[in-house]
Amino acid sequence: ISVSLRDGDAPHVVAHDIAHEVGHAYDQTHLTDADRRAYLVRRGVPDAVWLSEADSDYGVGAGDFAEVFALCHAASPDFRGTLAPRPENACELLPQEAL
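Residue indices begin from 1 for each chain and proceed along its sequence in written order. Local features in this predicted model are restricted to residues of pLDDT 70 or higher, and side-chain atom pairs are both shown and tallied only at a pLDDT of 80 or more, whereas totals for entire chains, interfaces and linings draw on every residue. Values reported for side chains reflect all heavy atoms of the structure, with hydrogen atoms and water molecules removed beforehand.

### Structural notes on the side chain of Ser76
Think of it this way: any DSSP run of H or I at least four residues long counts as a helix, any run of E at least two long counts as a strand, and we number them from the N terminus. Here Ser76 shows up in the segment after α3 (61-73). We classify Ser76 as buried; its relative accessible area is 9%. Only protein chains enter the accessibility calculation, which uses a 1.4 Å probe. A residue is then buried if its area is under 20% of the maximum for its type, exposed if over 50%, and partly exposed in between.

As structure tokens, then:
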């Protein structure tokens with residue numbers, strides 16, 4: 001995992017960015033296609049694509065999962081996801097094993 005930092009990044013931004021990338025790693029090593037479909041249903045976007053060739057991942061399932069994972073594991077006011085609204089309780093959306 002590589003995370004680039006900018007001078008002046010607030011600690012919560014750095015923590016969020018690291019947790020986002022760890023969320024991607026968790027997805028790649030632990031989630032099955034069935035887990036991904038179930039997550040999208042919980043987020044209210046069952047027909048969303050998981051991956052995309054777009055420059056940003058915030059509008060697809062993988063990026064949303066990473067953002068929700070980050071909210072659960074590194075409390076932050078930031079949420080960059082565009083697939084679905086910022087959840088009230090991010091941890092409730094994750095598989096139990098991801099907590």
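### Observations concerning the packing of aromatic side chains
Between rings of Phe, Tyr and Trp, where Trp is taken as its six-membered ring, a pair exists when centres lie within 6.5 Å; planes separated by under 30 degrees are stacked, by over 60 edge-to-face, and by other angles tilted. Applying the stated rule across the entire model yields six aromatic pairs. A centroid spacing of 6.3 Å and a plane angle of 20 degrees characterise the contact between Tyr26 and Phe65, whose relative ring orientation is stacked. Of this pair, Tyr26 sits in helix α1 (residues 11-30) while Phe65 sits in helix α3, and the two are 39 residues apart along the sequence. Given the relative accessible area of 13%, Tyr26 is considered buried. For Phe65, a relative accessible area of 0% translates into the label buried. Here the aromatic rings of Phe65 and Phe69 are separated by 6.1 Å at their centres, their planes lie at 40 degrees, and the arrangement is tilted. Of this pair, Phe65 and Phe69 both sit in helix α3, four residues apart, which is roughly one turn of the helix.

### Here's the deal with the state of the cysteines
Sulfur atoms of two cysteines make up a disulfide when they are within 2.5 Å. For the structure on display, the rule yields one disulfide. A disulfide bridge connects Cys72 with Cys91, and the sulfur atoms are separated by 2.0 Å. On the S-S bond that ties Cys72 to Cys91, the torsion sits near 105 degrees, and the link is right-handed. Of this pair, Cys72 sits in helix α3 while Cys91 sits in the segment after α3; the two residues are 19 residues apart in sequence, bridging distant segments of the chain. Residue class for Cys91 comes out partly exposed when judged on its relative accessible area of 27%.

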